[in-house]
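# Observations on chain architecture
Chain by chain, the residues:
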Amino acid sequence: MSAERNATAIAHPNIAFIKYWGNRDQVLRIPANGSISMNLDGLETRTTVGFSPELGRDTLTLNGEEIKESGLARVSTLLDRIRGQAGFTDYAQVISENNFPTGTGIASSASAFAALALAASTAAGLALSEAELSALARTGSGSASRSVPGGFVEWYPGEDHASSYAASIAPPEHWALTDCIAVVSEAHKATGSTGGHAVAETSPLQAARVADAVRRLEICRTALLERDFEQLADIVELDSNMMHAVMLTSQPRLLYWQPGTVAVMRAVTEWRQAGLPACYTIDAGPNVHVLVPSEHAPVIAARLEEVPGVLEVLQAAPGGPARLVNPG
Ligand code: PMV
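What comes next concerns the included structure. This structure is a prediction, so every number in the text was calculated from the model and none was measured.

## Quick word on the overall build of the chain
A count of helical and extended segments in the chain gives nine helices and 16 strands. Scaling as 2.2 N^0.38, a compact globule of 328 residues should have a C-alpha radius of gyration of about 20 Å, and the chain matches this with 19 Å. By principal-axis analysis of the C-alpha atoms, the chain measures approximately 65 × 40 × 40 Å. Within the chain, buried positions represent 53% of all 328 residues. Approximately 13,900 Å² of the chain is accessible, and the part contributed by carbon and sulfur atoms is 53%. Once the 23 positive and 35 negative side-chain charges of the chain are each reduced to a mean point, those two points are 4 Å apart.

Right under this line is the structure:
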């Protein structure tokens, strides 16, 4: 019986075009506003979960290293939810690997909790719908809700656990966009996103940002569906700037940018003014995601490598949904 309680899943990280920042419910991670993102193909987390009555506690290994304390506690909280639903109490061994370089600050909590939710719920014998799986992943990391469905995804904020989940608004092949990720010089260990969401409301700008979110979501969704890059670029940069305005005016103030971040923002602005289609968006870290129609990716990536402070440029096309794989 115990030997059968195993499953392996793969999920991609995602980059938000319209950002999630701030919760209405900190525990369930019900967001203050809806968000839209694209999954990142080629970058992935692979997670194997095995429940067994022989284990004395949950264990977590990430990229070959055992993780304890808060990292493990966050995983156990999600496993508890699954055990509660499945009606058993066995502990689990969780083994997770990212194929993207650690230490580059590429957000891994989205792919991590999407892969964990799928592997653990399958191992536990629960047959969850995509919406249920997305809601489950959300409780581990809000943005993980968006790494469950494939391609271009919208997270509907909802009001409670069941109504706050993400769904695909277009498949990966809908639009050949590339995310050129400019990895910039090392930052100090900044406030993580969980801490950031908790202080979003202390900024006087957050209420205005949230009040305007439905309008931005609508523009972004339409631009995506119509493959209108100019509209997309304009709303994506506005939305990123609005989130960083909130971060910069929170208590404590959160400044995630490094000199290289600003150098890329300036360069991308100049390139677009000169007619090259590219726009930037930045999460809770110093790296800059530069979105471009894929045919322009080689030129933009080469130019980004020349910007002072840029260490490396990764490229990702739209990615598929979280999926089960054979262990190995
Ligand atoms: O899912 P979390 O709690 O790591 O929050 C993600 C927050 C941002 O990456 C800054 C924005 C987003 O929507 O992904």
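And the narrative resumes.
## A few points about the packing of aromatic side chains
All told, the structure shown has five aromatic pairs when counted by the stated rule. Where Phe17 meets Phe152, the ring centres are 6.5 Å apart and the plane angle is 55°; that geometry is what we call tilted. Placement of the pair is Phe17 in strand β2 (residues 14-18) and Phe152 in strand β10 (residues 152-156), with a sequence separation of 135 residues. The buried category is assigned to Phe152, whose relative accessible area is 0%. Taking 4.7 Å as the distance between ring centres and 65° as the angle between the ring planes, the aromatic pair formed by Tyr20 and Trp155 counts as edge-to-face. Note that Tyr20 is positioned in the loop between β2 and β3 (23-25) and Trp155 in strand β10, a separation of 135 residues in sequence. Here the two residues Tyr20 and Trp155 agree in accessibility, since each one is buried. One Lys or Arg, Arg5, reaches over the ring of Phe88 and ends 3.8 Å from the middle of that ring.

## A short note on helix α3 (residues 130-140)
Taking burial as the measure, the 11 residues of α3 include eight buried ones, the bulk of the element. Regarding α3, the residues found buried are Leu133, Ser134, Ala135, Leu136, Ala137, Arg138, Thr139 and Gly140. Where the residues of α3 are buried, they touch β4 (30-31), α1 (69-86), α2 (109-123), β10 and β11 (165-170).

## Some points on the state of the cysteines
All told, the structure shown has zero disulfides when counted by the stated rule. In this structure Cys180 is a free cysteine whose sulfur lies 11 Å from that of Cys279, the closest cysteine sulfur available. In this structure Cys220 is a free cysteine whose sulfur lies 9.5 Å from that of Cys279, the closest cysteine sulfur available. Assessed through its relative accessible area of 0%, Cys220 is described here as buried.

Criteria and cut-off values
Residues numbered from 1 in each chain as written. Predicted model: local features only at pLDDT ≥ 70, side-chain atom pairs only at ≥ 80, totals over all residues. Heavy atoms only, no water. Helix = DSSP H or I, 4+ residues; strand = E, 2+ residues; numbered from the N terminus. Rg over C-alpha atoms; globule rule 2.2 N^0.38 Å. Buried < 20%, exposed > 50% of the residue type's maximum accessible area, 1.4 Å probe, protein only. Areas by Shrake-Rupley, 256 points an atom, 1.4 Å probe, with all protein chains shown as cover. Lys, Arg positive; Asp, Glu negative; His and termini not counted. Charge placed at Lys NZ, Arg CZ, Asp CG, Glu CD. Phe/Tyr/Trp six-rings, centres within 6.5 Å; stacked < 30°, edge-to-face > 60°. Lys NZ or Arg CZ within 6 Å of the ring centre and 35° of its normal. Contact = heavy atoms within 4.5 Å. Disulfide = S-S within 2.5 Å.

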